[in-house]
Amino acid sequence: MSLYDDAVLVLKGYEGQDELRQTYLDHLAAHPDGMWKACHAGHVTASALVVDPEHGRVLLTLHRKLRMWLQMGGHCEPGDTTLAAAALREAAEESGIPGLTLLPGGPVRLDRHPIPAPCHWHFDVQYAALAPRGAAHTISDESLDLRWFAYDEVPEAADDSVVRLLKGTRARL
């Protein structure tokens, strides 16, 4: 099964955000290359909020280009076989934490947001990743900083999309 096929299956099985979910499916139907950064009409991305439920905190990255505190994530790559694998790969690469595991149940949320030209949209499929006990992070080249935030600190640090992702994640925990 291709990454494109996996994305369609994941989105068809995703419950909630019905109108936005259909927008994702329509985009993929119209753009067979819609999984890849080269698709200038927009492309699917995969992200994961790294969570440490034992200590009630999340790890956010200060994104190098956007200069915003965000969850880990980014573009799908040819070696990715599933959206879940892409989200987990991105979370591990950007956090430097080995042994992350995705929260069961598939994606937590969808978030479509505009991006600068030549592309137009990111169709982000958002997961949550559980940090192993004693996890130590390492800053990647894509980040200016990494920091653990208590759940109640997130609204002051991050934008509404991260706050909504945290809310959805906490509802699943």
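Here the structure is a predicted model, which means the values were calculated and not measured.

A.B. asks: Explain helix α1 (residues 3-13) to me, please; I cannot follow it from the model alone.
C.D. replies: One turn of an α-helix holds 3.6 residues; hence residues three or four places apart share an orientation. Buried within α1 we find L3, D6, A7, V8, V10 and L11. Packing partners of the buried residues in α1 comprise α2 (18-30), α3 (83-95), β6 (109-114) and β7 (121-130).

A.B. asks: Even after reading the chapter, I still don't get the environment of G106, so can you show me in this structure?
C.D. replies: By the secondary structure assignment, G106 is in the loop between β5 (101-102) and β6. G106 sits 22 residues away from A84 along the chain, and the two C-alpha atoms are 7.5 Å apart.

A.B. asks: Is there a simple way to think about the pairing of strand β1 (residues 43-52) in this case?
C.D. replies: If a strand is regular, its side chains alternate between the two faces of the sheet. For β1, the buried fraction is high: 10 of the 10 residues fall into the buried class. Across the two faces of β1 the burial is the same, with H43, T45, S47, L49 and V51 and V44, A46, A48, V50 and D52 all buried. As defined by bridge partners, β1 adjoins β7 across 9 bridges and the pair is classed as parallel. Residue pairing across strands places T45 opposite D124, the latter belonging to β7. Inspection of the sheet shows β1 paired to strand β4 (residues 72-75) by 4 bridges, in the antiparallel sense. The residue of β4 that forms the bridge with S47 is G73. The turn joining β1 and strand β2 (residues 57-63), which pair antiparallel and follow one another in sequence, is formed by 4 residues; a positive phi near 60 degrees is taken by G56.

A.B. asks: Whenever I open this one, the packing of aromatic side chains confuses me. Can you help?
C.D. replies: Here the distance between the centres and the angle between the planes together describe a pair of aromatic rings. Taken as a whole, this structure holds 2 aromatic pairs when the rule is applied. Residues Y24 and F123 carry aromatic rings whose centres are separated by 5.2 Å and whose planes lie at 90 degrees to one another, so their mutual orientation is edge-to-face. With Y24 in helix α2 and F123 in strand β7, this residue pair connects regions lying 99 residues apart in the sequence. With respect to burial, Y24 and F123 carry one shared label: buried.

A.B. asks: Explanation requested: the nonpolar core in the structure shown.
C.D. replies: Proteins that are soluble and globular tend to have nonpolar side chains buried together. Judged by nonpolar contacts, the single largest core of 32 residues is most densely connected at M35, V50, L83 and V125. Top element by residues in this core is α1. It accounts for 5 residues. Among residues more than four places away in sequence, those in contact with V50 are R57, V58, L59, M72, A91, I97, L100, A129, A131 and W148.

A.B. asks: What exactly am I supposed to notice about α3 here?
C.D. replies: Along its 13 residues, α3 runs 18 Å from first to last C-alpha, staying within 8% of the 18 Å computed at 1.5 Å per residue. Buried within α3 are the following residues: L83, A86, A87, R89, E90, A91, E94 and S95. One or two positions beyond α3, positive phi appears at G96, with a value near 75 degrees.

A.B. asks: Even after reading the chapter, I still don't get the environment of T61, so can you show me in this structure?
C.D. replies: Turning to its location among the elements, T61 is positioned in strand β2. Residue T61 is classed as buried on the basis of its relative accessible area, which comes to 2%. With 49 residues separating them along the chain, T61 and L110 place their C-alpha atoms 19 Å apart. Once residues lying within four places of it in the same chain are set aside, the contact partners of T61 are M68, W69, L70, Q71, M72, E94, S143, D145 and L146. In terms of polar contacts, T61 uses its side chain to reach the side chain of S143, at 2.4 Å.

Calculation notes
- Residues numbered from 1 in each chain as written.
- Predicted model: local features only at pLDDT ≥ 70, side-chain atom pairs only at ≥ 80, totals over all residues.
- Heavy atoms only, no water.
- Buried < 20%, exposed > 50% of the residue type's maximum accessible area, 1.4 Å probe, protein only.
- Helix = DSSP H or I, 4+ residues; strand = E, 2+ residues; numbered from the N terminus.
- Contact = heavy atoms within 4.5 Å.
- Pairing = 2+ DSSP bridges.
- Phe/Tyr/Trp six-rings, centres within 6.5 Å; stacked < 30°, edge-to-face > 60°.
- Core = buried A, V, L, I, M, F, W, Y, C linked by side-chain atoms within 4.5 Å.
- Expected span 1.5 Å × (residues − 1).
- Polar contact = N/O pair within 3.5 Å; in protein donor to acceptor, adjacent residues only side chain to side chain.

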